[in-house]
Amino acid sequence: MNKRRFRSVIFAAFLLLIILPAAVFAAGNEKKGNEAETGFDSYITNNALAISPDEKTAIVSDSRESSLLVYDLVKGKMRKTINGFVTPRNIVFIDNGTQFVVSDSTLGTFLFFNTKTLNLEEEIVVGPGAFGTAVSPDQRTMYVNNQAHSTVTVVNLEKRKPVEVITGFAQPRQGITVSKDGKSVFVTNFEGDKVSVIDAATNDIVREITGFSKIRAISVSADGSKLYAANSGRNSISVVDLSKGEIMDEIAVGQEPYGAALSPDGKWLFASNKADNTLNVITASDNQVIGTIKGFLEPRQAIVFSSDSARAYVLNRDLSISLVDVKSQTIIDTIHDGSPNKLQVLHSEEAGKYLADQNGMTLYYFKKDTPGMSNCSGDCLKIWPPFYADSIKAPAGFHKNDFKTIIRQDGQKQTTYKGYPLYYFVNDLQPGDIKGQGVKDVWFVVNKHFLQERE
């Protein structure tokens, strides 16, 4: 029996053993109405962010949430919530952005939505366990990781149906990408910490690259020479020489890196670190970390660059999107569902009670600022990133009317308290850190002694 015929037999068996039970499972769920459902793989957590080709629409999800959020990027506001999921895993735009596809690993389906109307147009059953998805450059084929069955399903997007199942993987989860020329598909295997390389012409696994540690996201350079992989197990990004299939360099980054996103121009690599809520900026030419951006909330794999590489969209745990200016290495805006930022009052022996954001990250003011005006710019902003929230819920002891918004000279929005702009400190890595207190005798937390340091 030749290899192609053997695959056909496997695929037929897959249809009988996996897809049919999944269809029955889905039908059963319809009868349950809105009863709570528990995903069989809900212990595995990931998030997803898809940006339309025209960069006007963003779709976001977290596998712990049963809904997707749709954002209007032009207006900077949420457009709609789409309900009905159990464990949504990945989102990709197809057909030049006119549709987007969502995988749900518990329902075992792909759902095709119209981007303009947001109506569900089609549903394909592919079997429980469907995780990461990647689309070929010609938009004709979608590859689907199935972590539960350690397979990759090949879906014909023109016919809207699965056509082949490739075996030989070990828990392929979120990480999957297609090379720019469409000739190779790269699949992460969480079990065994390896990357499998598929020849897209034959759908054969032609190479396995090993040596990773709790591998998460991967990116491949446009010329196909390098692969970047996030190792959450050893806090690094591995750089792989694809001509040799070997790790050629290791870049130390923050705590538990989940994301490794390469900009379209190939100049920048962003590593998002879930445990310390930061993002490392790496120059791809020499693999050097040149900056750390803070102010995120559990950033994972979901990072998308703009087509001109000038901006990056980073998804947070609360399904808000942080918009990063690549040149200044700062968060210039945050798009969220409209719920207010709930500020907190924390306590330390050094500073007493002081103001922090909703994630517990300390807020500071600058002694050299004046009401309504920031005097921190350039390199200063890399150390003291501006804090901004378009809606504030003030904690006890503070009044909402004391919080305002200014437009900085660089065009960024910044929140003020009693007229004074608020900042983060780059060396504060964990909630409750106040390492910026008293720096150079001009940076201070906001507490009951607010402004007294000026006297």
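The present account deals with the structure reproduced in this document. Being a predicted model, the structure only gives us computed values, none of them experimental. (Residues numbered from 1 in each chain as written. Predicted model: local features only at pLDDT ≥ 70, side-chain atom pairs only at ≥ 80, totals over all residues. Heavy atoms only, no water.)

On to the pairing of strand β8 (residues 120-125), then. Both strand β7 (residues 109-114) and β8 contribute to a ladder of 5 bridges, which runs antiparallel. Bridge pairing in β8 places Phe112 opposite Glu122. Counted along the chain from β7 to the antiparallel partner β8, the turn is 5 residues long, and its residue Leu118 has a positive phi close to 65°. (Pairing = 2+ DSSP bridges. Helix = DSSP H or I, 4+ residues; strand = E, 2+ residues; numbered from the N terminus.)

Attention now moves to the pattern of salt bridges. In total, this model carries 16 salt bridges according to the counting rule given. The salt bridge partner of Asp62 is Arg317, with a shortest N-O separation of 3.9 Å. Here Asp62, found in strand β2 (residues 57-62), pairs with Arg317, found in the loop between β26 (311-315) and β27 (321-325); they are 255 residues apart in sequence, far enough to count as distant. The buried category is assigned to Asp62, whose relative accessible area is 1%. (Salt bridge = Lys/Arg side-chain N within 4 Å of Asp/Glu carboxyl O. Buried < 20%, exposed > 50% of the residue type's maximum accessible area, 1.4 Å probe, protein only.)

Attention now moves to the nonpolar core. Grouped together as the largest cluster of nonpolar side chains are 17 residues, with contacts concentrated most on Leu355, Phe387, Phe403, Leu422 and Val446. In contact with Phe403, not counting residues within four places along its chain, are Leu343, Leu355, Ile392, Ala394, Phe398, Thr415, Thr416, Tyr417 and Leu422. Listed in part, the 15 residues of the second largest apolar core include Tyr364, Tyr423, Trp443 and Val445. (Core = buried A, V, L, I, M, F, W, Y, C linked by side-chain atoms within 4.5 Å. Contact = heavy atoms within 4.5 Å.)

Our focus in this paragraph is the pairing of strand β10 (residues 141-146). Taking burial as the measure, the 6 residues of β10 include 5 buried ones, the bulk of the element. Looking at chain direction, strand β9 (residues 130-135) and β10 are connected through 4 bridges and run antiparallel. Its bridge partner being in β10, Val135 is matched across the sheet by Met142. Hairpin connection, β9 to β10: the antiparallel pair is bridged by 5 residues, and Gln139 has positive phi, about 65°. Of the pairings in the sheet, the one linking β10 to strand β11 (residues 151-156) comprises 6 bridges and is antiparallel in character. Paired with Met142 across the bridge in β11 is Val155. Where β10 folds back on β11, the antiparallel hairpin that results is connected by 4 residues, among which Ser150 adopts a positive phi of roughly 55°.

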